[in-house]
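Structural description and commentary
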Protein chains: 2
Amino acid sequence: MDGPEVRMDIATVCLSGTLDDKLAAASGAGFHGVEIFENDLVVSPWTPREIRRRCADLGLSIDLYQPFRDLEAVPPDVFAANLRRAGRKFDVMEQLGADTMLVCSSVSPDAVDDDDLAAEQLHELASRAAGRGIRIAYEALAWGRFVNTYEHSWRIVRKAGHPSLGLCLDSFHVLSRGSGITGIKVIPGAKIFFLQLADAPRLRMDVLQWSRHHRLFPGQGAFDLSAFLGAVAATGYAGPLSLEVFNDVFRQSDPVHTAVDAMRSLLVLREATARRGPERMRVAGLPVVPPSDGYAFVELTAPDPAEVLAALGFVYIGQHESRPAHLWQQGDARIVVRSDADVRIGALGVATPDPHAAARRAKRLLAPALSDLDYDDPAVRAPDGVGIVFCRPEGDWMADFTPPDPALVTTCGITGIDHVSLTAPFDDFDQIALFYRAALGLEAEPETEFAAPFGLIRSRSSADAGRRIRIALNVAALRRGDWAPAVREPQHIAFTSDDVVASAKAMRELGARLLDIPGNYYDDLAARFDLPAGRLASLREYSVLYDRDEHGEFLHFYTHMVGSRMFFEVVQRIDGYAGYGVANSPVRMAAHRQFRLSHE
Amino acid sequence: MDGPEVRMDIATVCLSGTLDDKLAAASGAGFHGVEIFENDLVVSPWTPREIRRRCADLGLSIDLYQPFRDLEAVPPDVFAANLRRAGRKFDVMEQLGADTMLVCSSVSPDAVDDDDLAAEQLHELASRAAGRGIRIAYEALAWGRFVNTYEHSWRIVRKAGHPSLGLCLDSFHVLSRGSGITGIKVIPGAKIFFLQLADAPRLRMDVLQWSRHHRLFPGQGAFDLSAFLGAVAATGYAGPLSLEVFNDVFRQSDPVHTAVDAMRSLLVLREATARRGPERMRVAGLPVVPPSDGYAFVELTAPDPAEVLAALGFVYIGQHESRPAHLWQQGDARIVVRSDADVRIGALGVATPDPHAAARRAKRLLAPALSDLDYDDPAVRAPDGVGIVFCRPEGDWMADFTPPDPALVTTCGITGIDHVSLTAPFDDFDQIALFYRAALGLEAEPETEFAAPFGLIRSRSSADAGRRIRIALNVAALRRGDWAPAVREPQHIAFTSDDVVASAKAMRELGARLLDIPGNYYDDLAARFDLPAGRLASLREYSVLYDRDEHGEFLHFYTHMVGSRMFFEVVQRIDGYAGYGVANSPVRMAAHRQFRLSHE
């Protein structure tokens, strides 16, 4: 268990809703405290005392009141008005029971470039704060007018020399500017009054807009937050780790989900940080990620997929001895079918030498456990609703299917499962990617974005070191509106073959409904690549798609939709091709739509 | 009528869907031709010949095939492969019946910085194209590796000196770099082979990302497109005006709506351009915008608003002589009530000296006419569904209400209508703003963005020169997801008062349900502004909100919701305050939600 030694906080600004929504969500996700964002308080019908009581009831401390803007380095009359304003806020903080106020470096046209004046005025503010039992945490905004690096804010704090004045460090403000973290090591931990954590994608844009719209929770972006947190921890900083994330999506999303995602991010960050040094950051009860031995199976829910699977050359192995689950197999590809009206991927069976440790890890990362009535092996639910069943590689679990496999045949050349492609809900895309990586020990692969017929799609894949578990996650780059003839939340399973053209031929002979690819695609292929004519002809004949990367080549084809959103793919990777043929996705999407239109 | 003299085109990439969706939408909106974006063709099940036939059936010419990338300034072996690739595309173009190919300046690592080589290779391509009856339009991408200004692309085209090689000018590539348009004037019109038009907001971000995600139709962004188009027209360019807009929203939106919006933008741009000079750009049948005399009335649909309006001090005037429409009045504020289950703003009655010309203008801007069974005066429907009724300022229309006004009283101090606030659908926000501006002759006011409890809101207002017609448009900055307790598409009417505190008092006495504002708001007001204690106390007592700008002060208060999304506001502008109190919107939103929560 975590002791209270590492406090985990969240700023109310991270979460959507009014203060009551936000506090309930933060408490529900297990946060210890909050930063109260001033606007949340101003619009609340609760008095500060009522907010204090509500937080106490929820087990939340109020660790920061923020932000106080444009205080320092101003002419005397402006400073007098600022002190008056601060005094009113001290009144509020006293009623709230909040003992630390965030002061951001000035962006005011009234401010002058004068460190001595800034230090002097911050000293005066800190003196008044001290009289009220309040501390001032001074933060350099990345876009501060004169003070915009933490090194500069530290020089001013040191110059001011007041015990009630310290620093607030915010990973975004430090890392967005590309500031090194070496300077953190010379700051005494006791002078860091507060620590705010946020990740972000690397964007080449105005830093203020980047900060206000595109921050992410740790692990969702491109910043090296574990190095940053490690450096802060090394100073002896013992205050809260507090998430402060401004994000357009989170501002609109269910705060209960967002808060759980936030907590998971923080746990994963602590683990990564502890691995680099500071033992204090270790998360109790979080086993290391066990190595994976690939997909034991994929569970498909469907009313009756016998015809589809048989046409792909799968062989029916039998029914589970105690549950209505049916095993189909071809090569090392195993599909467990569970009857359901909705055709979708129900669960991923992940082979691992220590299923119980793997499941404990996933649960510590806030994945709910699935009932052992449904699975013999320990199982959890990923945030996108897909089950993850951890089972031994030796396949003990297959013993539950009778009769056991008599003689597996590979009628259509399928040898195993290459990857599974899932569609993450828009609000949780980054977090679901993080969950799969953290729970299964996968590494992120480069993200791609492509223009599909009905909008942009972001695709992010991850794989384990042995490339035995690959998961591709897709999401619309913009939440879809009403006009969206695209398939909603498509999923697919990609099987491997050593000869996809032969597999396509064999499947077509078995009556499989494979997707026809338009001739224009092959004309374009002929223009782009100098493929041998015979090869191009066979790709065209069997509607096999083609891609190439710096390693090798990729051949693949698709089935029609099964149900409203499920399909299958067969892929052949030649010479270590590392991608997923994403460039061909728009062709596939248009062909799926064309098929629907002509059959509706 | 437009003659064919100014051809108006649209690139298929502007529109969502597959090629069949796009072509039908372009034709339906009245475009004369299209640019075929290669990816749209590649994923289409139609052969190029079938696409040609389909376009002919729809009355569309195919004026450009695009884009051909990374051709020029490369080593001989790469160039040979590029010519081979181009040859394949010429085959496609021949079947399509497209005679112009867009070649973008290279971004390839294979390219070298050598204008002579670029010219030589473009000359070779043009020679081959000429043999096929094809022209090459060379375009400088703003992010081209070596060629990224139109001045540079023109030097290369001039150097190449081939009659089948000319320029493609794209307003985004020119204006995003801040290039002046003077250089356009030295290009002979006959050497401009194609003209692409796109607007964009001013964003401080990577130009490639800016271009790929944030382009807008003319008039929706910050570029001076009429100056640009005027400069191009002055060269004698006689080719199509073609819209090429990459936009994340349009990629997902109903292409039928998008195409209509696109056409409207182009008409408005032509009008603005013609006003600056080139008569050729004039849009036939588009009367100039008549001056407005303010709001004649606002039509409200509601089941029975008598209680609400009476409590605000409105007086019932009477029923329309032939329709079930009821007039209520207070001061110069007139509300026409039409019975409907849904409470919303049905129409805006705009006073103008020439209602018929105003309506003709709106219809020429693609607004459908409303039936004269519903309105005595000419009326149209704005793209957001709100009616606009053009009527004479003298109030002839009021004669239809019997009995005529006997003795108007101003029981609660309301003197008129200050503004109407509408919520534009997400997909059409920029276009709806453009429509109101163009149809009513309004000027855009600065756009604001603010963090509301349930997500960011963008607010854009516009007003006529006399500030008699003000319309505020709001939209969520990100399309809302499932978790959105915010009021969907709120609307409100803001009335003016010369003393809002007195108005609030009088209305409360009449039993009006006014919105209570939390005490925290007034504590914050006290911290931010040095208001006299008595004044602050009366604001607090009557839940009146306060704002201030460089001109003056703003006092305002709100009613509760009437129906699911309608409310009223009363405002007082002191000393020329120009805004709308947007800073107070989050307080109002939280209070509206609080009220709903406590009454659900």
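Residues numbered from 1 in each chain as written. Chains lettered and ligands numbered in written order. Predicted model: local features only at pLDDT ≥ 70, side-chain atom pairs only at ≥ 80, totals over all residues. Heavy atoms only, no water.

- Within an unreviewed UniProt entry, the label attached to chain A reads 3-dehydroshikimate dehydratase, and the organism entered is Kibdelosporangium persicum.
- Check the Pathway (unreviewed entry) section of the UniProt entry for chain A; it says "Aromatic compound metabolism; 3,4-dihydroxybenzoate biosynthesis." (UniProt positions renumbered as here; feature names shortened; annotations may be inferred.)

Structural notes on the nonpolar core
- The biggest cluster of nonpolar side chains holds 368 residues, and the ones touching the most others in it are A:Phe31, A:Tyr436, B:Phe31 and B:Tyr436.
- Beyond its immediate chain neighbours, meaning those up to four positions away, A:Tyr436 contacts A:Leu348, A:Ala382, A:Asp384, A:Val386, A:Ile388, A:Leu422, A:Gly441, A:Leu442, A:Ile471 and A:Leu473.
- B:Ala325, B:Leu370, B:Val389 and B:Trp397 belong to the second-largest nonpolar core, a separate cluster that totals 16 residues. (Core = buried A, V, L, I, M, F, W, Y, C linked by side-chain atoms within 4.5 Å. Buried < 20%, exposed > 50% of the residue type's maximum accessible area, 1.4 Å probe, protein only. Contact = heavy atoms within 4.5 Å.)

Description of the sheet that holds strand 2 (residues 33–37) of chain B
Residue and element names in this part refer to chain B.
- On the basis of which strands lie adjacent, the closed barrel formed by 8 strands has the order 1-2-3-4-5-6-7-8 and parallel pairing. Ignoring which end each strand starts from, the neighbouring axes of this sheet average 30° apart.
- Across 3 bridges, the pairing between strand 1 (residues 8–11) and strand 8 (residues 241–243) is parallel. Residue Met8 lies in a different strand from strand 8, and its bridge partner there is Leu241.
- Lying over the sheet, helix 6 (residues 150–160) contacts strand 5 (135–139) and strand 6 (165–170), oriented at roughly 170° with respect to strand 6.
- Each of strand 6, strand 7 (192–197) and strand 8 is contacted by helix 9 (residues 225–234), which is oriented at about 165° to strand 7, the strand it contacts most. (Pairing = 2+ DSSP bridges. Helix = DSSP H or I, 4+ residues; strand = E, 2+ residues; numbered from the N terminus. Axes fitted to C-alpha atoms, helices over the stretch in contact; angles between N-to-C directions.)

What to know about the domain arrangement of chain A
Residue and element names in this part refer to chain A.
- You can read the domains of chain A as domain 1 (8–281) and domain 2 (295–599).
- Each of domain 1 and domain 2 has a C-alpha centre, and the two are 43 Å apart.
- Facing 16 residues of domain 1, the contacting portion of domain 2 comprises 16 residues.
- Buried area between domain 1 and domain 2, both sides added, is near 1400 Å², and the carbon and sulfur share of it is 52%.
- Applying the counting rule to domain 1 against domain 2 returns 1 salt bridge.
- Counting across the interface, domain 1 meets domain 2 through 8 residue pairs in polar contact (both at pLDDT 80 or more).
- When grouped by side-chain class, the residues that make up the side of domain 1 that touches domain 2 number 8 nonpolar, 5 polar and 3 charged. (Domains from an automatic or database assignment. Buried area = accessible area lost by both parts, 1.4 Å probe. Salt bridge = Lys/Arg side-chain N within 4 Å of Asp/Glu carboxyl O. Polar contact = N/O pair within 3.5 Å; in protein donor to acceptor, adjacent residues only side chain to side chain. Nonpolar A, V, L, I, M, F, W, Y, C, P; charged D, E, K, R; others polar.)

A look at the pairing of strand 22 (residues 491–497) of chain A
All names here are of chain A.
- When you tally the buried positions in strand 22, you get 7 out of 7 residues, the bulk of the element.
- Side chains of strand 22 alternate between two faces, with Gln491, Ile493, Phe495 and Ser497 and His492, Ala494 and Thr496 buried alike.
- Inspection of the sheet shows strand 17 (residues 414–423) paired to strand 22 by 6 bridges, in the antiparallel sense. By the bridge assignment, Ile417 is partnered in strand 22 with Phe495.
- When strand 22 meets strand 25 (residues 566–574), the two strands line up parallel, connected through 6 bridges.

A look at the relation of the copies chain B and chain A
- The transform that puts chain B on chain A rotates by 180° and translates by 0.0 Å along the axis, for an RMSD of 0.0 Å. Here the transformation between the copies is reduced to the relation of a two-fold axis. Every residue of chain B has its C-alpha some distance from the rotation axis, and the shortest such distance is that of B:Met205, at 1.9 Å.
- Looking at the interface residues of chain B, 100% of them are also at the interface in chain A, so both copies use one shared face. (Least-squares fit on C-alpha atoms with pLDDT ≥ 70 in both.)

Comments concerning the environment of A:Ala476
- Looking at the element boundaries, A:Ala476 is found in strand 21 (residues 470–476).
- C-alpha separation for the pair A:Ala476 and A:Ala25, spaced 451 residues apart in sequence, amounts to 26 Å.
- Sequence-distant contacts of A:Ala476, defined by excluding residues within four places in its chain, comprise A:Phe426, A:Leu456, A:Ile457 and B:Gln252.

So, the packing of aromatic side chains
- For the structure on display, the rule yields 28 aromatic pairs over all chains.
- Between A:Phe172 and A:Trp210 the ring centres are 5.2 Å apart and the planes differ by 75°, which places this aromatic pair in the edge-to-face class. Of this pair, A:Phe172 sits in helix 7 (residues 171–175) while A:Trp210 is found in helix 8 (residues 207–214), placing the two residues 38 residues apart along the sequence.
- When its relative accessible area of 0% is taken as the criterion, A:Phe172 is described as buried.
- A relative accessible area of 4% means that A:Trp210 is categorised as buried.
- For the pair B:Phe217 and B:Phe250, a centre-to-centre distance of 4.8 Å together with 15° between the ring planes defines the contact as stacked. Of this pair, B:Phe217 sits in the loop between helix 8 (207–214) and helix 9 while B:Phe250 is found in the loop between strand 8 and helix 10 (255–275), placing the two residues 33 residues apart along the sequence. Of the two residues examined, B:Phe217 and B:Phe250, each falls in the buried class.
- Over the aromatic face of A:Tyr558 sits the side chain of A:Arg588, whose NZ or CZ is 5.4 Å from the ring centroid.
- Directly above the aromatic system of B:Tyr580 lies the positively charged group of B:Arg573, at a separation of 5.3 Å from the ring centroid. (Phe/Tyr/Trp six-rings, centres within 6.5 Å; stacked < 30°, edge-to-face > 60°. Lys NZ or Arg CZ within 6 Å of the ring centre and 35° of its normal.)

Concerning the pairing of strand 2 (residues 33–37) of chain A
All names here are of chain A.
- Of all 5 residues in strand 2, 5 are buried; the element is thus mostly enclosed.
- Burial along strand 2 is two-sided: the residues Gly33, Glu35 and Phe37 and Val34 and Ile36 are all buried.
- Two strands pair when backbone bridges link them, and strand 1 (residues 8–11) and strand 2 are joined in this way by 3 bridges, in the parallel orientation. When the bridges of strand 2 are listed, Asp9 appears paired with Gly33.
- Each parallel crossover has a hand, and the one from strand 1 via helix 1 (residues 19–28) to strand 2 is right-handed.
- Sheet topology note: the strand 2/strand 3 (residues 61–68) ladder contains 5 bridges and is parallel. (Right-handed = clockwise from strand over helix to strand, strands pointing away.)

Some remarks on the UniProt feature "domain: VOC" (unreviewed entry) in chain A
- UniProt annotation of "domain: VOC" (unreviewed entry) refers to residues 416–560 of chain A when read in the numbering used here.
- Secondary structure content for residues 416–560 of chain A is 29% helix and 33% strand, and the end C-alpha separation is 20 Å.

Thoughts on the UniProt feature "binding site: a divalent metal cation" (unreviewed entry) in chain A
Residue and element names in this part refer to chain A.
- When the UniProt feature table is mapped onto this chain numbering, "binding site: a divalent metal cation" (unreviewed entry) sits at Glu139, Asp170, Gln196 and Glu244. The greatest C-alpha distance among the residues just named is 13.1 Å, despite their covering 106 residues of sequence, which places them together in space.
- Position of Glu139 relative to the elements: it lies in strand 5 (residues 135–139).
- The residues contacting Glu139, other than those within four sequence positions of it, are Leu102, Val103, Cys104, Ser105, Cys168, Asp170, His173 and Gln196.
- With respect to the element layout, Glu244 can be found in the loop between strand 8 (241–243) and helix 10 (255–275).
- You can call Glu244 buried: its relative accessible area is 3%.
- Side-chain polar atoms of Glu244 contact the side chain of Gln66, separated by 2.9 Å.

Description of unusual backbone geometry
Residues and elements named next belong to chain A.
- With an omega dihedral of -10°, the bond running from Gln66 to Pro67 counts as a cis peptide bond.
- Here Pro67 shows up in strand 3.
- Positive phi is not limited to glycine here, since Arg467 has a value of about 55°.
- On the basis of relative accessible area, Arg467 is assigned to the partly exposed category, the value being 41%.
- Phi angles above zero are rare outside glycine, and Asp575 is one such case at about 60°.
- Structurally, the position occupied by Asp575 is in the loop between strand 25 and helix 17 (585–599).
- Classification of Asp575 as exposed rests on a relative accessible area of 61%.

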